Amino acid sequence: VTALADLERLAAEPATKEAVGLAIANLTGAEVQGLLPEVISQMAVPTLVDIVAGGVGDADARTRLAVALCNLTAEPGAREGMVSDGAHGALRTLSEAEAPTSAIQPLVLIGYINLLSVPANQRAIVDDGALKLLGRLANAPGASAEVRRYVGMALANVADDLSLHANATHAEVLDMITPHVI
């Protein structure tokens, strides 16, 4: 992975950067789950974040990068560092590049759920626009029950300890989880 990270930093061509991201994504699947700590320790997350930040034109590649980031968030010991590396911002960028009903959205939300499960991560993720993203996905016409369930799980992680957040966040979370009567 370190060699791939080095290649990504040296490469100027978007296609090369994208290929590096896909190679790293191949190292995050269920069949190699035991290797996730090693993959993470070798700069996989910052490399994926850089690739996403540079723009990924191919929808299939964006989905595979979202899968990779989602898989990496499954490693509990790495979640805090992943936020420091910007994984939450990369997930947001991938989400915003797709329609709210895209198959990428559940992957992004699972990544958010995992990252938000660490209280120390919540402020940075919320400050980066997570509540806006969650609201956009939950309220999108045609949003699936799966997406709404995942949005609820992400909000539950934030609401678990509102003392970590500003008063404006309290109001926004409460507004999002409270049914509105018209």
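See above for the structure.
Here we summarise the structure given alongside this text. (Residues numbered from 1 in each chain as written. Predicted model: local features only at pLDDT ≥ 70, side-chain atom pairs only at ≥ 80, totals over all residues. Heavy atoms only, no water.)

A count of helices and strands for the protein gives twelve helices and zero strands. In sequence order, the protein lays out its α and β elements as α-α-α-α-α-α-α-α-α-α-α-α. Scored against the burial criterion, the 182 residues of the protein give a buried share of 46%. The contacts in the protein between residues at least 6 apart in sequence include a share of 71% that link residues at least 24 apart. Just so you have it, the protein exposes about 8600 Å², and 57% of that area is on carbon and sulfur atoms. (Helix = DSSP H or I, 4+ residues; strand = E, 2+ residues; numbered from the N terminus. Buried < 20%, exposed > 50% of the residue type's maximum accessible area, 1.4 Å probe, protein only. Contact = heavy atoms within 4.5 Å. Areas by Shrake-Rupley, 256 points an atom, 1.4 Å probe, with all protein chains shown as cover.)

For helix H10 (residues 130–138), the tally of buried residues reaches seven of nine residues, placing the bulk of the element in the interior. Listed as buried for H10 are Ala130, Leu131, Leu133, Leu134, Gly135, Leu137 and Ala138.

Right, let's get into the nonpolar core. Counting 50 residues, the largest nonpolar core has Leu72, Tyr112, Leu134 and Val151 as the members making the most contacts within it. Counting residues per element, this core draws most heavily on helix H8 (residues 104–116), which supplies eight residues. Contacts of Tyr112, omitting those with residues within four sequence positions, involve His88, Leu91, Arg92, Ile125, Ala130 and Leu133. (Core = buried A, V, L, I, M, F, W, Y, C linked by side-chain atoms within 4.5 Å.)

Now for the environment of Gly57. Its location among the elements puts Gly57 in the loop between helix H4 (44–53) and helix H5 (59–73). According to the relative accessible area criterion, Gly57 is exposed, its value standing at 71%. As a C-alpha pair, Gly57 and Ala97 span 40 residues in sequence and 9.6 Å in three-dimensional space. Ignoring anything within four residues of it in the chain, the contact list for Gly57 reads Glu18 and Arg62.

Here the focus is the environment of Gly54. Mapped onto the fold, Gly54 is located in the loop between H4 and H5. The exposure class of Gly54 is exposed, given its relative accessible area of 66%. For Gly54 and Glu18, which are 36 residues apart along the polypeptide, the C-alpha to C-alpha distance reads 9.5 Å.

What follows covers the packing of H4 against H5. Running from N to C, H4 and H5 point in directions that differ by 150°, and their axes come no closer than 11 Å. Here H4 is positioned roughly antiparallel relative to H5, judged by the angle of their axes. For the crossing formed where H4 meets H5, the hand is left-handed. Between H4 and H5, the contacting residues are Ala44, Val45, Leu48, Ile51 and Val52 on the first element and Leu65, Ala68, Leu69 and Leu72 on the second. (Axes fitted to C-alpha atoms, helices over the stretch in contact; angles between N-to-C directions. Parallel < 35°, antiparallel > 145°, perpendicular 65-115°, else oblique. Left-handed = near helix turned anticlockwise from the far one by under 90°.)

Before going further, it helps to spend a moment on helix H7 (residues 87–96). For H7, the tally of buried residues reaches eight of ten residues, placing the bulk of the element in the interior. All buried positions along H7 are accounted for by Ala87, His88, Gly89, Ala90, Leu91, Arg92, Leu94 and Ser95. Along its buried surface, H7 packs onto H4, H5, helix H6 (79–84), H8, helix H9 (119–127) and H10.

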